[in-house]
Amino acid sequence: MVLVSIKCPDCNSEDIKKNGKDKTGKQRYLCCNSNCTRRTFITEYVQNGRLKKVKDKVVEMALNGSGIRDTARVLKISPNTVLNELKKNEILLKKLT
Ligand SMILES: [Zn+2]
């Protein structure tokens, strides 16, 4: 048996508890860091767009002049996910649309 150390994808805390299973049978975890905005997570996210590092990349690519479709293709997420992320940053959205 191989033990893999599990870290919260947002705060990198290793203070993690098991928190049941989700609908598809994946192990859910609960972040015990009280300063962390994320409460529960699973280790294998099916949707890349839900990961914070991908969201950061969306903003970074927008700043570098990538369009919504380019960004979506490179990051393997849907254009809607890109758009939703950029809506939180209206200045970037105005530059791209
Ligand atoms: Zn956390």
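Residues numbered from 1 in each chain as written. Predicted model: local features only at pLDDT ≥ 70, side-chain atom pairs only at ≥ 80, totals over all residues. Heavy atoms only, no water.

As a further point, take the coordination of the zinc ion. Protein ligation of the zinc ion involves Cys8 (SG), Cys11 (SG), Cys31 (SG) and Cys36 (SG), the donor distances falling in the range 2.3 Å. Metal-centred angles of 106 to 116° between the four donor atoms at the zinc ion mark the site as tetrahedral. (Donors = N, O, S within 2.8 Å, 3.2 Å for Na, K, Ca; no water. Tetrahedral: all angles 85-135°; square planar, octahedral: opposite > 155°, others 65-115°.)

The next thing to look at is the sheet that holds strand S3 (residues 40-42). Hydrogen bonds between backbone atoms are what pair the strands of a sheet, whose relative direction is either parallel or antiparallel. Spatial strand order, S1-S2-S3: three strands in an open sheet with antiparallel pairing. In this open sheet, the two strands that pair with only one neighbour each are strand S1 (16-21) and S3. The sheet shows a mean angle of 40° between the axes of neighbouring strands, direction not considered. Bridging between S1 and strand S2 (residues 27-31) involves four bridges; their strand directions are antiparallel. (Pairing = 2+ DSSP bridges. Helix = DSSP H or I, 4+ residues; strand = E, 2+ residues; numbered from the N terminus. Axes fitted to C-alpha atoms, helices over the stretch in contact; angles between N-to-C directions.)

Listed in full, the eleven residues of the largest apolar core are Leu51, Val54, Val58, Met61, Ala62, Ile68, Ala72, Leu75, Ile77, Val82 and Leu86. Put simply, the parts of the chain that give this core at least two residues each are helix H1 (52-63), helix H2 (68-75) and helix H3 (79-87). Ranked by the residues each element gives to this core, the list is headed by H1, at four residues. Core analysis: the next-biggest nonpolar cluster, separate from the first, contains six residues, Cys8, Ile16, Tyr29 and Phe41 among them. (Core = buried A, V, L, I, M, F, W, Y, C linked by side-chain atoms within 4.5 Å. Buried < 20%, exposed > 50% of the residue type's maximum accessible area, 1.4 Å probe, protein only.)

Structural measurements only, silent on function.
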